[in-house]
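So the chains spell out like this:
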Amino acid sequence: MDINYLLLLQTFRQKCGLVVEGIFSTLTDIPFNPATILLVCVLYWCVNKRMGLFILFSQTFGLFVNNVIKLCVCAYRPWIRDSRIQPPPKAQAGATGYSFPSGHTMTAVGIYGTLGYSLIQKNKEEKNHKWLWAIILCALVIVVVAFSRNFLSVHTPQDVLVGLLVGFVVIYLTDLLLKWEQKGEEGNCRDLIIAGVGTLLVIISSIFLLLKAYPMDYNADGSLVVDPEKMKNDYFSAAGSFVAVLWGWVIEKRWIKFETEGSIVMRIIRTVCGVLLVSVFLFGSSYFIKPFMPNLFVYYFVKHFLVYFVVVAGYPAIVGAIQRKKNKKNSAE
């Protein structure tokens, strides 16, 4: 039934032509688009720290969960299951590894679902519908990304539906944990408990995924249908990001305490400087970090840990230091 649905969409896609196919090929990557990443950073650094943190938590937690499920289920992509399925070359090239559940869908929910949920809460607090347009836009992004994974034949309907479901469960759990921590008394250790339990989950899942057996099916040319080692690289990237957000949050909350306030010009400067700093860690890691790593698993974990740690705590530490110096100077005057 799922294959028949994909074949129906495939026929429709082929009749629509390359223009429509190209549009969906672009829309499907919205969750990983630089504009989306910039949006999250701007929210966290310059607009609403709590909202930005919520999104970063949901995104990295969701991606971690997604990779754990993928490596446990080991479901093959639709075109491997049925040769009649023919995704566009660009979409197929970007859809490596296992299929269930959809990582694009979960990431879209993690970012835009969390943003939409936060704006709904904000509307309730302010008792107006000021952000209704943005909430609708967030919902549309999620629907378009989810549908595009089927339209491009890179995921089955169940991949997408479970991705949506698990994504929203992650938002719910993240919201629950952050509210639980916020309700604690001043100086409580609830943040440490959350970070510690999250790190323990990463350690346990890492040991399990490294030791478990994987299907070793081969193509006609002798290559693996899916190389589990490459999939583990994706898992350790997600794990590093998640752990970085956990401990970056603890450090920022306890010792940095930066503020998002400032003039428009100052916020623009803050964003540009922050993006440049993160880019150094993101693109320079292969030159400055990779040669010293014992294997690719450690490299991908460390690389993504550093990138997200800089976003959550490293750069805010610089911003906070500048703000304190400026406040001290203003007080002296």
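Higher on the page you've got the structure.
Remember, predicted model here, so these are calculated numbers, not experimental data.

A. Focus on the layout of surface pockets. Volume-wise, the largest pocket comes out at about 1,400 Å³. F32, I37, L63, H304 and Y308 are, among the 47 residues lining the largest pocket, the residues nearest its centre. Of the residues forming the lining of the largest pocket, the biggest block, seven residues, is contributed by helix α3 (residues 34-47). Residue classes in the lining of the largest pocket are distributed as 24 nonpolar, 16 polar and seven charged.

B. Region of the structure containing the packing of helix α4 (residues 49-73) against helix α9 (residues 157-182). Between α4 and α9, the shortest axis-to-axis distance is 9 Å and the interhelical angle comes to 130°. Between α4 and α9, the crossing angle belongs to the class labelled oblique. With respect to the hand of their crossing, α4 and α9 are arranged in right-handed fashion. In this structure, α4 contributes R50, F54, F57, S58, F61, G62, V65 and I69 to the contact, and α9 contributes V166, V170, I171, L173, T174, D175, L178, K179, E181 and Q182. The residue makeup of the contact of α4 with α9, split by class, is ten nonpolar, four polar and four charged.

C. Structural view of the packing of aromatic side chains. The full count for this structure, using the stated rule, is 18 aromatic pairs. Plain terms: the ring middles of F301 and F305 are 6.4 Å apart, the flat faces sit at 10° to each other, and that makes the pair stacked. Here F301 pairs with F305, and both are found in helix α13 (residues 296-332), just four residues apart, close to one helical turn. On the accessibility criterion, F305 (22% relative accessible area) is partly exposed. In this structure an aromatic cluster arises from ring pairing among F61, F64, Y235, F236, F242 and F297. Sitting over the ring of F258, K49 keeps its end group 4.6 Å from the ring centre.

Conventions we followed
- Residues numbered from 1 in each chain as written.
- Predicted model: local features only at pLDDT ≥ 70, side-chain atom pairs only at ≥ 80, totals over all residues.
- Heavy atoms only, no water.
- 1 Å grid on protein atoms, 1.4 Å probe; cavity = no way out; pocket = protein on both sides within 12 Å on 5 of 7 lines; lining within 4 Å.
- Points joined across faces, edges and corners; volume = space filled by probe spheres on them.
- Helix = DSSP H or I, 4+ residues; strand = E, 2+ residues; numbered from the N terminus.
- Nonpolar A, V, L, I, M, F, W, Y, C, P; charged D, E, K, R; others polar.
- Axes fitted to C-alpha atoms, helices over the stretch in contact; angles between N-to-C directions.
- Parallel < 35°, antiparallel > 145°, perpendicular 65-115°, else oblique.
- Left-handed = near helix turned anticlockwise from the far one by under 90°.
- Contact = heavy atoms within 4.5 Å.
- Phe/Tyr/Trp six-rings, centres within 6.5 Å; stacked < 30°, edge-to-face > 60°.
- Buried < 20%, exposed > 50% of the residue type's maximum accessible area, 1.4 Å probe, protein only.
- Lys NZ or Arg CZ within 6 Å of the ring centre and 35° of its normal.

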